[in-house]
Amino acid sequence: MPEQSPEQSPFDLAEGDPFGPHTLPYGVFSTADAPDRRRIGVRYGSRVLDLSALPGALPSVVAAPHGELLGAATLNPLLAAGRPVWQQVRAAVRTALTDPAHRTAVAPLLHPLDGVTLHLPFEVADYVDFYSSEHHATNVGKIFRPDSAALPPNWKHLPIGYHGRAGTVVVTGTPVVRPHGQRKTPADAAPVFGPSARLDIEAEVGFVVGTPSALHEPVGLAGFRDHVFGVCLVNDWSARDIQAWEYVPLGPFLGKSFATSVSAWITPLDAFDAARTAPPARDVAPLPYLDDAAAEPGGIDLRIEVARNGEVISRPPFAAMYWTAAQQLAHMTVNGASLRTGDLYASGTVSGPEPDQLGCLLELTQGKGPYLQDGDEVTLTAWAPGPDGSRIGLGEVTGRVLPAREVPADGPA
Ligand SMILES: O=C(O)/C=C/C(=O)CC(=O)CC(=O)O
Ligand SMILES: [Ca+2]
Ligand SMILES: [Mg+2]
């Protein structure tokens, strides 16, 4: 007879659960009985707390004006509400989940995670992708531009980035169809059109903007905490053959814009306070607007794991990033460009100095492949040290490669 395990309280998490009271990430979910009713939830262990029902269940804990934000179908109204509200809501959620006096009221609001559908948690405004790992940039430079210096002359003076395609940011679990495009290898006399033969991943960390900024008013390094709501995992799928042929001189375009996957959970920035760490020493002094020598430590000690078909293929260390998320934000707005609620910016591929710390197959295979096969599934997970020996988990981002769609040889109809 199998041993009957005693009913475990949803409030008592297993020792070391990375989704405990110090993590509390936000997402958007629906349930099978009401598939069109998207609701904001907070992950706690392997359950989801329905925040839309929390103000009604615990009016003494959730401030009345927050009810409307928590009843929305996306995180955007909460993102726009600003840091003081983010802090009040987070404190209220933690109280609801940890104060035994509230258990009877809160228990009916907890749904098993494996019984809900998770959705893209926020409406993505603009999407920017950086290139801020010195290890990644050096490795890719050597592969793509073997006859030039690995790092371009601007690399240590500014965090290089490009604007990507916000409309194709998809939530974890969304399949990725192998894209078509042009490629031309040195062996080809003319460009060839067809499905990408070098489909790759890029393990990245994303930052979600909450508080907008005004046009013409740059956000300095100190504005990072006021404007950035939280952190997610990003897989910036990349078709290397399309990219290599198209990118000179304007940068990535169709080789990147077909899909960018994000985790379903956005973890508040405050959850990473214990994981803040100094970035690597800068060997070139940055201009004053990027000089963070006197600022709070800008790095985050996030440890990422990349798995392909269930096998771990790399462990990229986010702490090794040269440019920090605060510097990226300062650079992105220094020309007066404004921020919008829902802007997403990604770190750039996270690679460390070791061969088992590289964030994409291009680097892991030194440009030789093999790349992703149809049916391959790639999953990124990550955690950071939290207070009192706890772990702060980031929600996973996963995606399976589907075969290319049929496109007639003479082009789409
Ligand atoms: O060096 C290049 O030509 C481009 C490399 C990339 O793939 C750019 C990118 O997406 C940035 C990154 O993820 O670090
Ligand atoms: Ca990228
Ligand atoms: Mg992409």
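A brief report on the enclosed structure follows. (Residues numbered from 1 in each chain as written. Chains lettered and ligands numbered in written order. Predicted model: local features only at pLDDT ≥ 70, side-chain atom pairs only at ≥ 80, totals over all residues. Heavy atoms only, no water.)

1. What about the overall build of the protein?
Inference 1: Per the secondary structure count, the protein includes ten helices and 24 strands.
Inference 2: Against the compact-globule benchmark of 22 Å for 413 residues, the protein has a radius of gyration of 22 Å, which places it among compact chains.
Inference 3: Structurally, the protein occupies a C-alpha span of about 70 × 55 × 45 Å along its principal axes.
Inference 4: The buried share among the 413 residues of the protein stands at 53%.
Inference 5: A separation of at least 24 residues holds for 74% of the contacts in the protein among residues at least 6 apart in sequence.
Inference 6: Entry remark: accessible area of the protein is about 18300 Å², with carbon and sulfur atoms responsible for 55%.
Inference 7: Within the protein, the 45 negative side-chain charges are centred at a point lying 2 Å from the centre of the 30 positive side-chain charges. (Helix = DSSP H or I, 4+ residues; strand = E, 2+ residues; numbered from the N terminus. Rg over C-alpha atoms; globule rule 2.2 N^0.38 Å. Buried < 20%, exposed > 50% of the residue type's maximum accessible area, 1.4 Å probe, protein only. Contact = heavy atoms within 4.5 Å. Areas by Shrake-Rupley, 256 points an atom, 1.4 Å probe, with all protein chains shown as cover. Lys, Arg positive; Asp, Glu negative; His and termini not counted. Charge placed at Lys NZ, Arg CZ, Asp CG, Glu CD.)

2. Re the coordination of the calcium ion (ligand 2)
Inference 1: Only D129 (OD), E202 (OE), E204 (OE) and D236 (OD) from the protein coordinate the calcium ion (ligand 2), and they sit 2.2 to 2.3 Å from it.
Inference 2: Around the calcium ion (ligand 2) sit six donor atoms; with metal-centred angles ranging over 76 to 165 degrees, the donor geometry is irregular.
Inference 3: Mapping the donors of the calcium ion (ligand 2) onto the primary sequence gives the spacing D-x72-E-x1-E-x31-D. Residue D129 is found in strand β6 (residues 127-130), and its partner D236 is found in the loop between β14 (228-235) and β15 (238-239); the two are separated by 107 residues along the sequence. (Donors = N, O, S within 2.8 Å, 3.2 Å for Na, K, Ca; no water. Tetrahedral: all angles 85-135°; square planar, octahedral: opposite > 155°, others 65-115°.)

3. A closer look at helix α6 (residues 134-144)
Inference 1: Residues of α6 that are buried: H136, A137, T138, V140 and G141.
Inference 2: Buried residues in α6 make contact with α10 (361-364).

4. Brief notes about the packing of aromatic side chains
Inference 1: Considering all chains together, one arrives at nine aromatic pairs under this definition.
Inference 2: Ring centres 6.0 Å apart and planes at 80 degrees place the aromatic pair F130 and Y345 in the edge-to-face group. Of this pair, F130 sits in strand β6 while Y345 sits in strand β22 (residues 344-346), and the two are 215 residues apart along the sequence.
Inference 3: Judged by centre distance (6.2 Å) and plane angle (55 degrees), the rings of F207 and F224 are tilted. Of this pair, F207 sits in strand β13 (residues 203-209) while F224 sits in helix α7 (residues 224-227), placing them 17 residues apart in sequence.
Inference 4: According to the relative accessible area criterion, F224 is buried, its value standing at 4%.
Inference 5: Cation over ring: R391 sits above W383, and NZ or CZ is 3.5 Å from the ring centre. (Phe/Tyr/Trp six-rings, centres within 6.5 Å; stacked < 30°, edge-to-face > 60°. Lys NZ or Arg CZ within 6 Å of the ring centre and 35° of its normal.)

5. A few points about the coordination of the magnesium ion (ligand 3)
Inference 1: Coordination sphere of the magnesium ion (ligand 3), protein contribution only: D236 (OD), K256 (O) and T260 (OG1), at 1.8 to 2.7 Å.
Inference 2: Mapping the donors of the magnesium ion (ligand 3) onto the primary sequence yields the spacing D-x19-K-x3-T. In this pair, D236 sits in the loop between β14 and β15 while T260 sits in strand β16 (residues 260-262), placing the two residues 24 residues apart along the sequence. Like T260, D236 is buried.

6. Things to note about the site of ligand 1
Inference 1: Close to ligand 1 lie 17 residues, the nearest being Y131, R145, Q243, K256 and T349.
Inference 2: In this structure, an oxygen atom belonging to ligand 1 sits 2.9 Å away from a side-chain N or O atom of Q243.
Inference 3: Interatomic distance of 2.7 Å between a side-chain N/O atom of K256 and an oxygen atom of ligand 1.
Inference 4: Relative to its free-state accessible area of 380 Å², ligand 1 is covered by the protein chains to the extent of 94%. (Near = heavy atom within 4 Å. Polar contact = N/O pair within 3.5 Å; in protein donor to acceptor, adjacent residues only side chain to side chain.)

7. Section: the sheet that holds strand β3 (residues 47-50)
Inference 1: The five strands are arranged β4-β3-β2-β1-β5 in an open sheet whose pairing can be described as antiparallel. The open sheet is flanked by β4 (110-112) and β5 (116-119), the only strands paired with a single partner. Across the sheet, the mean angle from the axis of one strand to that of its neighbour is 45 degrees, orientation sign disregarded.
Inference 2: Looking at chain direction, strand β1 (residues 26-31) and strand β2 (residues 34-44) are connected through five bridges and run antiparallel. Looking at β2, one finds that F29 is bridged to R39. (Pairing = 2+ DSSP bridges. Axes fitted to C-alpha atoms, helices over the stretch in contact; angles between N-to-C directions.)

8. A short note on the sheet that holds strand β23 (residues 377-385)
Note on sheets: strands pair through backbone hydrogen bonds, and any given pair is parallel or antiparallel.
Inference 1: Taken in spatial order, the five strands of this open sheet run β9-β24-β23-β20-β21, and their pairing is mixed. Of all the strands in the sheet, the pair left with one neighbour each is β9 (176-177) and β21 (311-314).
Inference 2: Bridge count for β9 against strand β24 (residues 391-402) is two bridges, and the pairing is parallel. Bridge pairing in β24 places V176 opposite V401.

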